[in-house]
Amino acid sequence: MALTNAEIADRLESLAGLLDITGSSPYAPRAYRRAAETIRETPASIPELVRTGRVRDLRGIGPGIEARLRELVETGRLAELDALEGEVSPELVGLGRLLGFGPQRAAEIGRALGVRTVDEFRTAAAEGRLGQVPGIGPKTEAKLLAALERGERPRPRRGLLLNRAVALSEDIAAAIGGEIAGDPRRWRDSSEVFAVVCSASKSAPVLDQFEQLPQIVSIVERAKRRAIGVTVEGVPVEVVVAEPRRFGTELLRATGSAEYVEALEPLPDGPDEESVYRALGVPFCPPELREAPFRGEPPDLVSLSDVRGDLHVHTDWSDGRATVLEMGDAARGLGYDYLAICDHTRNVRVVPGLDADDVRRQGEEIAAANELLAPFRILRGIECDILPDGSLDLPDDVLNELEWVQASVHAGQRAPRDEITKRTVEAMRHPAVRCLSHPTGRMINHRPENAVDLERVFEVALETGVAVEVNGLAPRLDLRDVHVRSAIEAGVPVVCSTDAHSVDGLGNMQLAIATARRGWATAANIVNTRALSELV
């Protein structure tokens, strides 16, 4: 039987994952994942495209991946994938990442000890054989033994980005009939504590099912009503199986934060969270606000349904993957009233950017798309680079033609506080600028926030009416929650946008809205909950 597109994509993603584990060059796994994404989105039959020699017409499919696809279509297997599955123990790699060593080192230790499973590793450690492994001395052995024995909840070495954290949690919860909890339920920008809570009188069948999930490569702890499993990335996930009468209690406790829950303890029994809060005499608190202890009445937070449009997306005019019309049609399909196309300008350099002539030619394409999509409206916009002196990367006459201008700092994120602040506020004073993009320039787990003086930025925002952005790209989420709250307290308008570079990227709005909610934002605080007539 011929493989489906989804099955072919699964094989490529499995190959990418194992290449990651073995320490392959990052480019090959990335290419396989991009190809898998393309294949999932392609309505045409991939086997048919391979047989007719047309598969390389698809974006991201070069001769190397074409050869892999041909092998899959003709044999149903990938020899490289079969070989890697025989060599690599994902279970041991997952435990290794949790203990603090990488995939290659995990494989080396496994070979030296002759073990492939967590139980075998634990036995070898208990027998005192870790010291036989080259490179493991008495101090390292003691650290590993302590890590295996300590009772506190394990955490990954690095937090998982929010989009991946939510997807992982939701997949596990759906598979075992539970509800997500932990950091992903609170929509933390980088998740370390993962939990799923189920309701069942008998816990063993649920925990057995959890152990068999493809996402879980090892079980590091199991009790009567809870277990902790580890993914191949080293992410620990706790499953709690609550008695039905206590489901709300355990969901609230597992959602956290620890400080928030501790301030409410002892928690009464309740079948749902609402009943627990009632018994406590405390108003229900949205998960996003459960960080610091709080017993008051929360505000009516902004929701995804309040959003009327997206004011920062890209197209194939710069580094996006969809046309103006495709992005507009997808936004209209989400129920939006408007969408601002904000492609890059030339100074960004690392990706294609638009000059003045390009912007005007793109305007013609936007006008044509608007004729097809009316009454939905695509706005002519730009993500305009802020140059080192604070000027903008397009002439004033072009900027004045546009309906929405985002100003952005890309290069120079490490500049001193005074320098980057002066550069930023100078650009905000330009009369065409409507919003400051990703103000702190951070990339979660990779680049810290820049040194910009946000208090000064907010002062100038109030003077000029320029909004600040919550950028919904998972590696950015910038402004972050605490800065959103500061902006709102200062009276600065906030835009929640996706920075989408594809149709699928429009889904980033959920991340932007969740981040704004963590900053205590209501719909009135968010610019793109307003009607188009209030914006242009």
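We now turn to the structure provided with this report. If you're wondering where the values come from, they're calculated on a predicted model, not measured in any experiment.

Rules used in this analysis
The written sequence of each chain sets the order in which its residues are numbered from 1. Per-residue local features are limited, in this predicted model, to residues with pLDDT of at least 70; the limit for side-chain atom pairs, both in listing and counting, is 80 or more; totals at the level of whole chains, interfaces and linings are taken over all residues. Excluded from the side-chain calculations are hydrogens and water; all other atoms, namely the structure's heavy atoms, are used. By the criteria applied, helices consist of DSSP H or I runs no shorter than four residues and strands consist of E runs no shorter than two, each listed in order from the N terminus. Accessibility here uses a 1.4 Å probe with only protein chains present; expressed as a share of the type maximum, an area under 20% marks a residue as buried, one over 50% as exposed, and anything in between as partly exposed. Accessible areas in this description were obtained via Shrake-Rupley with a 1.4 Å probe; residue shielding takes into account the shown protein chains only. Charge counting treats Lys and Arg as positive and Asp and Glu as negative, with His and both chain ends excluded. Lys charges are placed at NZ, Arg charges at CZ, Asp charges at CG and Glu charges at CD. Here a strand pair is declared whenever DSSP counts at least two bridges between the two strands. Throughout, right-handed denotes a crossover for which the path from the first strand over the helix to the second runs clockwise when the strands point away from the viewer. To get an axis, a line is fitted to the C-alpha atoms, and for a helix only the part in contact is used. The angle between two axes follows their N-to-C directions and goes from 0 to 180 degrees. Should an angle fall under 35 degrees it is called roughly parallel, over 145 degrees roughly antiparallel, and 65 to 115 degrees roughly perpendicular, with every other angle called oblique. Contact between two residues is taken to exist if any of their heavy atoms lie within 4.5 Å; hydrogens are not considered. Each residue receives one of three labels: charged for Asp, Glu, Lys and Arg, nonpolar for Ala, Val, Leu, Ile, Met, Phe, Trp, Tyr, Cys and Pro, and polar for the others, Gly being one of them. By convention, a stacked pair of Phe, Tyr or Trp rings (six-membered ring in the case of Trp) has centres within 6.5 Å and planes under 30 degrees apart, an edge-to-face pair has planes over 60 apart, and any other such pair is tilted. Either the NZ atom of lysine or the CZ atom of arginine qualifies as a charge over a ring when it sits within 6 Å of the ring centre and within 35 degrees of the ring normal.

### What to know about the overall build of the protein chain
The helix and strand inventory of the protein chain stands at 22 helices and 14 strands. Oriented by its inertia axes, the alpha-carbon framework of the protein chain measures out at about 75 × 70 × 45 Å. A total of 536 residues make up the protein chain; the buried ones form 53% of that total. Counting every atom, the protein chain has about 23700 Å² of accessible surface; 49% of that belongs to carbon and sulfur. Within the protein chain, the 84 negative side-chain charges are centred at a point lying 4 Å from the centre of the 64 positive side-chain charges.

### A short note on the pairing of strand β8 (residues 309-313)
With five of five residues buried, β8 is to be regarded as a mostly interior element. Looking at chain direction, β8 and strand β9 (residues 338-341) are connected through three bridges and run parallel. What sits directly across from G309, in β9, is Y338. This β-α-β element, β8 to helix α16 (residues 324-333) to β9, shows right-handed connectivity.

### Digging into the packing of helix α19 (residues 417-428) against helix α20 (residues 454-464)
Following both chains from N to C, one finds α19 and α20 inclined at 10 degrees, their axes separated by 10 Å at the closest point. In this view, α19 runs roughly parallel relative to α20, as classed from their interaxial angle. Taken together, the residues of α20 that come into contact with α19 (itself represented by T421, T424, V425 and M428) are R456, V457, V460, A461 and T464. Along the lines of polarity and charge, the residues of the contact of α19 with α20 split into five nonpolar, three polar and one charged.

### Focus on the environment of A427
Note that A427 resides in helix α19. Between the alpha carbons of A427 and S408 there is a distance of 8.9 Å; along the sequence they are 19 residues apart. Excluding residues within four positions of it along the chain, A427 makes contact with I386, G390, L392 and V433.

### With respect to the environment of V348
For V348, the position within the fold is in the loop between β9 and α17 (356-373). With a relative accessible area of 9%, V348 lands in the buried category. Ignoring anything within four residues of it in the chain, the contact list for V348 reads D385 and H410.

### Description of the packing of aromatic side chains
One pass over the structure, following the stated rule, counts two aromatic pairs. Judged by centre distance (5.2 Å) and plane angle (70 degrees), the rings of Y277 and F284 are edge-to-face. Taking relative accessible area as the criterion, Y277 reaches 1% and is therefore assigned buried. Classification of F284 by relative accessible area gives partly exposed; the value is 33%. On the basis of an interplanar angle of 80 degrees and a centroid distance of 5.2 Å, the ring pair of F294 and W520 is categorised as edge-to-face. Pair noted here: F294 is in the loop between α15 (273-280) and β8 and W520 is in the segment after α22 (509-518), with a separation of 226 residues, a long-range link. A cation over an aromatic ring shows up here: R485 above the ring of W520, its NZ or CZ 4.1 Å from the ring centre.

### What about unusual backbone geometry?
Cis geometry is found at the peptide bond from A374 to P375, where omega equals 10 degrees. Mapped onto the elements, P375 comes out in the loop between α17 and β10 (377-385). Following D478, the chain continues into L479 via a peptide bond in cis, with omega recorded as 10 degrees. With respect to the element layout, L479 can be found in the loop between β13 (467-471) and α21 (481-490). Residues other than glycine seldom take positive phi values, yet L477 does so here, at roughly 40 degrees. On the accessibility criterion, L477 (0% relative accessible area) is buried. Of note, the phi angle at D499 is positive, near 55 degrees, even though the residue is not glycine. Within the secondary structure layout, D499 lies in the loop between β14 (494-497) and α22.

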